[in-house]
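# Secondary and tertiary structure notes
One letter stands for each residue in the lines below.
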Amino acid sequence: MDDLISDFLAAIPLPALLVDQSERIIAANSEALTLLGQQIRGRHFATILRQPLVLDAIEASLRDKRPHVTRHLSNDGAQDTTYDVNCRYVHGIGAVQGGAVLVSFQDITHLEQAGQMRRDFVANVSHELRTPLTALMGFIETLRGAARDDPAARARFLGIMEGEASRMNRLVGDLLSLNRVESEERVRPKEQINLTQTLEDTLHSLRPLAEEAGVELGLTAPEGDVEITGDPDQLRQVFTNLVENAIKYGGSGGRVDLVLTSSERDPAVRSAAARVQVIDKGPGIDPVHLPRLTERFYRADNHRSRQLGGTGLGLAIVKHIVNRHRGRLRVESEVGQGAVFTVILPK
Ligand code: ADP
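Basis of the calculations
- Residues numbered from 1 in each chain as written.
- Predicted model: local features only at pLDDT ≥ 70, side-chain atom pairs only at ≥ 80, totals over all residues.
- Heavy atoms only, no water.
- Helix = DSSP H or I, 4+ residues; strand = E, 2+ residues; numbered from the N terminus.
- Rg over C-alpha atoms; globule rule 2.2 N^0.38 Å.
- Buried < 20%, exposed > 50% of the residue type's maximum accessible area, 1.4 Å probe, protein only.
- Areas by Shrake-Rupley, 256 points an atom, 1.4 Å probe, with all protein chains shown as cover.
- Lys, Arg positive; Asp, Glu negative; His and termini not counted.
- Charge placed at Lys NZ, Arg CZ, Asp CG, Glu CD.
- Contact = heavy atoms within 4.5 Å.
- Patch = residues over 30% accessible without salt bridge, like charges linked within 9 Å, V, L, I, M, F, W, Y side chains within 5 Å.
- Salt bridge = Lys/Arg side-chain N within 4 Å of Asp/Glu carboxyl O.
- UniProt positions renumbered as here; feature names shortened; annotations may be inferred.
- Polar contact = N/O pair within 3.5 Å; in protein donor to acceptor, adjacent residues only side chain to side chain.
- Near = heavy atom within 4 Å.
- Nonpolar A, V, L, I, M, F, W, Y, C, P; charged D, E, K, R; others polar.
- Domains from an automatic or database assignment.
- Pairing = 2+ DSSP bridges.
- Core = buried A, V, L, I, M, F, W, Y, C linked by side-chain atoms within 4.5 Å.

## Digging into the overall build of the chain
- Regarding its fold elements, the chain presents 10 helices and 12 strands.
- Relative to the globule expectation of 20 Å for 347 residues, the C-alpha radius of gyration of the chain, 29 Å, shows a markedly less compact shape.
- Each principal axis of the C-alpha atoms in the chain carries an extent, and together these give about 85 × 65 × 35 Å.
- Relative to its full complement of 347 residues, the chain shows a buried share of 42%.
- Carbon and sulfur atoms provide 50% of the accessible area of the chain, an area that totals close to 19300 Å².
- For the chain, the distance from the average site of its 41 positive side-chain charges to the average site of its 46 negative ones is 3 Å.

Structure representation (structure tokens):
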């Protein structure tokens, strides 16, 4: 009987244990031992599972022999974890009074995290939209009141309002882009494209912005065109965002260079690939920011990003597009030495 019980528990793909009417743990599978400790068999369940809600659920199930569900919150050393704990009474097993509670743990940490991310995202978007909106409302108020008969002030305020409205417009545009890219992330791009041409087109359309910032743009590419499979519009967006950032944040260096190389076997993607480096000689990025740079709304220099009209979504969009192409994005930077953003795209 004991062997049979152990075999049954071992076949359950979740941490699971049995508590009989003596209130001791009479059996546990290896997943439960990993979660709760190797020495739990034979122990009173309250000495192992210390959380009051879990104890209540097991006690209730032992008493009324009905199912009970609760949550078990823990930390696996790296992160907070959340488990759904199910207590189900099994008749006819266990030493005392024939019956035991099967306690199983379902890890729902990822669901909790997804929920938290959604809540954070909504809070961030609301906050980002509210700032320009509050400014707009303030200026409307002023134009109706104090500045009503002052043409010079009116012109100035309308200029600021236009700036705030375009900020909202850019934010909504980036949110829609991000949404589109995310919903297509599992669909592999199929078009054969000329990457050399894509980079030339990108630089061409950014030339006015670069000139305005006093930045020289350069492109180094191999002889002959580099072809890859990809989504032309999305890849243009990747390089536009990266070069725009290099001009915006690294423009003080006076130049931004694109370097395209191609190899038959790139270790980063373990296949034939093209690499595009976007290199600036600006102030660079403090290494503490690098791991989080592609998170939505993460800004290394908050003040500067807002001043320059950044939405904080540019690199998040880049990352998703690169992921869709099964590629890699690498960022290297040293403070004072500029930054290098490398996109590696399998061919
Ligand atoms: P933003 O809309 O703020 O530009 P991004 O997602 O495009 O958002 O970039 C995130 C942050 O990364 C920026 O706010 C900026 O602080 C930093 N950053 C990006 N590119 C560079 C660069 N070339 N040099 C320095 N900092 C950069």
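## Some details on helix H10 (residues 314–324)
- Most of H10 sits out of view: 9 of its 11 residues are buried.
- Here H10 has its buried residues at Gly314, Leu315, Ala316, Ile317, Val318, His320, Ile321, Val322 and Arg324.
- The inward-facing, buried residues of H10 abut helix H6 (151–183), helix H8 (232–250), strand E11 (328–333) and strand E12 (339–346).

## A few points about a positive patch on the surface
- Residues Arg265, Arg270, Arg328 and Arg330 make up a contiguous surface patch of positive charge.
- Topologically, arginine 330 is positioned in strand E11.
- A relative accessible area of 38% places arginine 330 in the partly exposed class.

## Comments concerning the UniProt feature "domain: Histidine kinase" (unreviewed entry) in the chain
- With numbering aligned to this structure, UniProt lists the feature "domain: Histidine kinase" (unreviewed entry) at residues 124–347.
- Taken as a whole, residues 124–347 contains 48% helix and 21% strand, while its terminal C-alpha atoms sit 36 Å from one another.

## Points about the pattern of salt bridges
- The full count for this structure, using the stated rule, is 12 salt bridges.
- One salt bridge connects arginine 255 with aspartate 257, and the closest N-O pair in it is separated by 2.8 Å.
- For arginine 255, a relative accessible area of 33% puts it in the partly exposed group.
- According to the relative accessible area criterion, aspartate 257 is buried, its value standing at 18%.
- Notably, a salt bridge pairs lysine 347 with glutamate 264, separated by 3.9 Å at the nearest N-O pair. Of the two residues, lysine 347 is situated in the segment after E12 and glutamate 264 in strand E9 (residues 255–266); the sequence distance between them amounts to 83 residues.
- Within this structure, Arg71, Asp84 and Glu112 form a network of salt bridges that share partners.

## A look at the environment of glutamine 113
- Within the secondary structure, glutamine 113 is located in helix H5 (residues 109–144).
- For glutamine 113, a relative accessible area of 36% corresponds to the partly exposed category.
- Sequence spacing of glutamine 113 and threonine 81 is 32 residues, and the spatial spacing of their C-alpha atoms is 9.4 Å.
- Of note is the side chain of glutamine 113, whose polar atom sits 2.7 Å from the side chain of glutamine 79.

## Digging into the site of the ligand
- For the ligand, the set of nearby residues contains 20 residues, the closest of which are Tyr249, Ser305, Thr311, Gly312 and Leu315.
- Within the side chain of lysine 248, a nitrogen or oxygen atom sits 3.4 Å from an oxygen atom of the ligand.
- Within the side chain of tyrosine 249, one N or O atom sits 2.6 Å away from an oxygen atom of the ligand.
- Those elements that provide at least two residues to the shell around the ligand are H8 and H10.
- For the shell around the ligand, the element with the most residues is H8, which contributes 4 residues.
- Broken down by class, the residue content of the shell around the ligand amounts to 9 nonpolar, 7 polar and 4 charged.

## Notes on the domain arrangement of the chain
- The domains assigned to the chain are domain 1 (2–107), domain 2 (109–184) and domain 3 (188–347).
- Taking only C-alpha atoms, the centre of domain 1 and the centre of domain 3 are 52 Å apart.

## Some words on the environment of glutamate 59
- One can find glutamate 59 in helix H4 (residues 52–64).
- Judged by its relative accessible area of 35%, glutamate 59 is partly exposed.

## A word on the pairing of strand E2 (residues 25–28)
- Sheet topology note: the strand E1 (residues 16–20)/E2 ladder contains 3 bridges and is antiparallel. Within E2, the position partnered with valine 19 by the bridge is isoleucine 25.
- In sequence, E1 turns back onto E2 through a hairpin of 4 residues, with glutamate 23 there showing a positive phi of about 70°.

## Some remarks on the nonpolar core
- Formed by 43 residues in total, the largest nonpolar core has its most connected members in Leu217, Phe239 and Val243.
- Secondary structure elements with two or more residues in this core: H6, helix H7 (195–212), H8, E9, strand E10 (271–280), H10 and E12.
- Broken down by element, the residue count for this core peaks at 7 residues, all from H8.
- Both domains that meet at this core, namely domain 2 (109–184) and domain 3 (188–347), each give it at least three residues.
- When residues no more than four places from it in sequence are discounted, the contact partners of leucine 217 are Leu203, Leu206, Arg207, Ala210, Val243, Ile247 and Val256.
- Membership of the second largest hydrophobic core comes to 23 residues, among which are Leu17, Ile25, Leu62 and Val101.

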